[in-house]
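Residue-level structural notes
So the chains spell out like this:
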Amino acid sequence: MNKSCENFRYLEKGWPRRDLTFKFYTDGTLKIIDNLAEEVISPNDLKGDSMDFYVRRRIAFIKNKLTNAQMKYA
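Now for a look at the structure at hand. Only a predicted model underlies this, so the values are computations on that prediction, with no experimental measurement involved.

1. Focus: the sheet that holds strand 3 (residues 30-34)
Overall, antiparallel pairing links the four strands, which are arranged 1-2-3-4 in an open sheet. What marks the edges here is a single partner per strand, and that holds for strand 1 (5-11) and strand 4 (39-41). Going from strand to strand, the sheet's axes swing by 30 degrees on average, the running direction of each strand aside. Bridge count between strand 1 and strand 2 (residues 19-25): seven bridges; the pairing is antiparallel.

Right under this line is the structure:
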C-alpha cells in the first residue's frame with residue numbers, strides 16, 4: 001500500500017527557536033524533523049507551542065480518520 005503524508009512546517013515562538021517539519025503519514029506514523037539541526041526528534045522533545053501544535057494536528061488526524069470510517073461503514 002502506498003503511504004502518503006501531510007507535511008506541516010512550524011516555527012517555534014519561544015527561545016531557542018526551532019524550525020520543525022511534521023510529517024503525518026496516512027498509516028498513523030509520524031516523523032518530526034528539526035530543520036536547523038537536520039535531525040529527527042520525538043514528540044517527547046517538544047514543549048510549549050510546538051507540543052500544542054502537534055497535539056492539535058494529531059487530534060484533527062484522528063477525527064478525520066474516525067469520520068472516514070463512519071462514512072465507509074454507514
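2. What to know about the nonpolar core
Counting nine residues, the largest nonpolar core consists of Tyr10, Leu20, Phe22, Phe24, Ile32, Ile41, Leu46, Phe53 and Tyr54. Only strand 2 and helix 1 (49-73) provide two or more residues apiece to this core. Take this core: its biggest share by element is three residues, from strand 2. Look past the residues within four positions of Tyr10 in its chain and what remains in contact with it is Arg18, Asp19, Leu20, Phe22, Asp49, Ser50 and Phe53.

3. Comments concerning the packing of aromatic side chains
What the rule picks out here adds up to six aromatic pairs. Taking the centre distance of 4.7 Å and the plane angle of 25 degrees together, the rings of Tyr10 and Phe53 count as stacked. One end of the pair, Tyr10, is in strand 1; the other, Phe53, is in helix 1, and 43 residues separate them in sequence. Considered together, Tyr10 and Phe53 belong to a single accessibility category, that of buried residues.

4. Focus: the environment of Arg9
Along the chain, the position of Arg9 falls in strand 1. When the C-alpha atoms of Arg9 and Asn35 are compared, they prove to be 9.4 Å apart, with 26 residues separating the residues in sequence. Each residue touching Arg9, except ones within four places of it in the same chain, is listed here: Asp19, Leu20, Thr21 and Asn35. There is a polar contact of 2.5 Å between the side chain of Arg9 and the side chain of Asp19.

Cut-offs used in this document
Residues numbered from 1 in each chain as written. Predicted model: local features only at pLDDT ≥ 70, side-chain atom pairs only at ≥ 80, totals over all residues. Heavy atoms only, no water. Pairing = 2+ DSSP bridges. Helix = DSSP H or I, 4+ residues; strand = E, 2+ residues; numbered from the N terminus. Axes fitted to C-alpha atoms, helices over the stretch in contact; angles between N-to-C directions. Core = buried A, V, L, I, M, F, W, Y, C linked by side-chain atoms within 4.5 Å. Buried < 20%, exposed > 50% of the residue type's maximum accessible area, 1.4 Å probe, protein only. Contact = heavy atoms within 4.5 Å. Phe/Tyr/Trp six-rings, centres within 6.5 Å; stacked < 30°, edge-to-face > 60°. Polar contact = N/O pair within 3.5 Å; in protein donor to acceptor, adjacent residues only side chain to side chain.

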